[in-house]
Amino acid sequence: MEKRKFKVSLTLLTIFMIAALAITGCGRRIIEAGEGDEPANLVTDTPKADETPVPGETPAPSPSPAISAGMSEDLVRKFMGEKHKDENMLECFIEDFDRDGFDEAVVSVGSSIDDLSGFYVLRYRDGTIEQVAGLSGNDTGYSIMGIKPVRFDGTDLTYICVELTNWASLRGFAIYEVYGEGVVELFISASATGAGEDALLDLDGDGVYDGFYQRRWSYDVFYYPIYRQFLWIDGLMYPDICDIELPEYPDTIEGVITEYLILSALALEYCPAADERLAMLCPETPDERVADYLRDLYNALQNEVLELEGGLDFEISQKGDSAPVLVSGPDYYGQVHEFNFDVVRKDYGWCIKSIAYIGAP
């Protein structure tokens, strides 16, 4: 009887030891899996004995490797060396730019960091790297002085900012988005005249951009220094604030009409200084149809400001404190347009009482 009890106790002890070893082994594997660099190691390192399902039971699913795992600068350099041997890779930014679950690499290329030619977008998918579209950022007409990933307030997408310059008096930028199987230019902000400062704006200093600003002072704004600020709202840029440096109020009839045409052509939004001056130049807002026709004078206006041929022509018939003025000038196609400006003198100077469109002479 004593021997039988001993055998039973020995058998139970053996069972408990096997169970304890099994529990200890599982605990060790869980810790190793947590310390591994890649989820793929969890599948590879798991012993086959644990992968074999117990008869009659459904095995638990094994963890899958992350779909974006594996993108690295070394792989990018290898791809560029194979596909773009003649390109000099300068910088590489790896991130899931479009949040589709696959990492992208934005690769800037050029002869040097001061002579960039554009960027490529590469995507890591199903274990391989593929190129998204062709060389981008090289279609603005300006030189590139920087390429970087940027974020805007209210969205989790990452965009690509190409900083532009003419290495003289211009600074601007273009924003690109990785969209589907292509790269899309969302917008560009850079003066067409080669003079201006346009840059992204981070109002609260959190590293996420809220919009951008413009400083213009050349003939694209008729030499009136202007500051404009735009805010990013739901993927679009909206005008926010604006300021303009105005000269003294014009002291001639020609000056009053010219400045009125300039401020009308600029069409500045949220600009109190411009609105106040316009209200002095022309207290009564002209008919919408007439205001639309005034655009036919903008070509002559620009020629006038630049002191070129084909500027504005004034025929003034002053009678005391009033003066009918015939204003004419050619449009972009050379067609001349005429307007009657009825100008009167007030305590602060001349102003426009009314405007009438005559048409082509």
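Procedures and definitions
Residues numbered from 1 in each chain as written. Predicted model: local features only at pLDDT ≥ 70, side-chain atom pairs only at ≥ 80, totals over all residues. Heavy atoms only, no water. pLDDT = per-residue confidence, 0-100. Contact = heavy atoms within 4.5 Å. Pairing = 2+ DSSP bridges. Helix = DSSP H or I, 4+ residues; strand = E, 2+ residues; numbered from the N terminus. Axes fitted to C-alpha atoms, helices over the stretch in contact; angles between N-to-C directions. Left-handed = near helix turned anticlockwise from the far one by under 90°. Core = buried A, V, L, I, M, F, W, Y, C linked by side-chain atoms within 4.5 Å. Buried < 20%, exposed > 50% of the residue type's maximum accessible area, 1.4 Å probe, protein only. Phe/Tyr/Trp six-rings, centres within 6.5 Å; stacked < 30°, edge-to-face > 60°. Arc of directions from axis to C-beta. Parallel < 35°, antiparallel > 145°, perpendicular 65-115°, else oblique. Nonpolar A, V, L, I, M, F, W, Y, C, P; charged D, E, K, R; others polar.

Draft legend 1. Just the confidence of the model for the protein chain, in detail. Residues with a pLDDT of 70 or more make up 81% of the protein chain, whose mean pLDDT is 84. Here residues 1–68 is a poorly scored stretch, pLDDT under 50, and it has 21 contacts once near neighbours within four places are set aside; other chains count.

Draft legend 2. The pairing of strand 8 (residues 182–189), seen in detail. Pairing geometry for strand 7 (residues 169–179) and strand 8, over seven bridges, is antiparallel. What sits directly across from Tyr-176, in strand 8, is Glu-185. Once strand 7 ends, the chain turns through two residues before running back antiparallel as strand 8, passing Gly-180 with a positive phi of about 60 degrees.

Draft legend 3. Geometry of the packing of helix 5 (residues 253–266) against helix 8 (residues 298–305). Direction vectors running N to C along helix 5 and helix 8 enclose 120 degrees, while the axes themselves pass 11 Å from each other. Note on packing geometry: the crossing formed by helix 5 with helix 8 is left-handed. The residues of helix 8 that touch helix 5, namely those facing Thr-258, Leu-261, Ile-262, Ser-264 and Ala-265, are Tyr-298, Leu-301 and Val-305.

Draft legend 4. Highlighting the nonpolar core. Grouped together as the largest cluster of nonpolar side chains are 39 residues, with contacts concentrated most on Ile-244, Ile-257, Leu-261, Leu-266 and Phe-341. Put simply, the parts of the chain that give this core at least two residues each are strand 12 (236–244), helix 5, helix 6 (272–281), helix 8, strand 14 (322–330), strand 15 (336–346) and strand 16 (349–359). Among the elements that make up this core, the one with the highest residue count is helix 5 (eight residues). When residues no more than four places from it in sequence are discounted, the contact partners of Ile-244 are Tyr-224, Pro-225, Ile-226, Leu-263, Leu-266, Leu-268, Cys-271, Ala-273 and Ala-274. With 15 residues, the next largest nonpolar core counts Phe-119, Ile-160, Val-162 and Ala-174 among its residues.

Draft legend 5. Spatial organisation of the packing of aromatic side chains. Scanning the model with the defined rule gives 13 aromatic pairs in all. Ring geometry for Phe-187 versus Phe-212: centroids 6.0 Å apart, planes at 25 degrees, classification stacked. Of this pair, Phe-187 sits in strand 8 while Phe-212 sits in strand 10 (residues 211–216), placing them 25 residues apart in sequence. The same class applies to Phe-187 and to Phe-212, which are both buried. Summarising the aromatic geometry, the rings of Tyr-249 and Tyr-348 are spaced 5.4 Å apart at their centres and angled 90 degrees between planes, so their arrangement reads as edge-to-face.

Draft legend 6. Spotlight on the sheet that holds strand 16. Here we have four strands laid out as an open sheet, ordered 13-14-15-16, and antiparallel in their pairing. If you trace the sheet from one side to the other, it starts and ends with strand 13 (313–316) and strand 16, each paired once. Averaged over neighbouring strand pairs, the angle between their axes works out to 25 degrees when direction is ignored. Two elements, strand 14 and strand 15, share nine bridges in a ladder whose sense is antiparallel. When the bridges of strand 15 are listed, Ser-322 appears paired with Val-344.

Draft legend 7. Representation of helix 6. Of the residues making up helix 6, those classed as buried are Ala-274, Arg-277 and Leu-281. One side of helix 6 holds all its buried residues, which, seen down the axis, span an arc of 70 degrees. If you follow the buried residues of helix 6, they end up packed against strand 12, helix 5 and strand 16.

Draft legend 8. Main features of the packing of helix 5 against helix 6. In contact at an axis separation of 10 Å, helix 5 and helix 6 are set at 140 degrees when each is read in the N-to-C sense. The angle between helix 5 and helix 6 places the two elements in the oblique class. Where helix 5 crosses over helix 6, the two elements pack in a sense that is left-handed. Of the residues in helix 6, those touching helix 5 at Val-256, Glu-259, Tyr-260, Leu-263 and Ser-264 are Ala-274, Arg-277, Leu-278 and Leu-281. Here the residues of the contact of helix 5 with helix 6 sort into six nonpolar, one polar and two charged.

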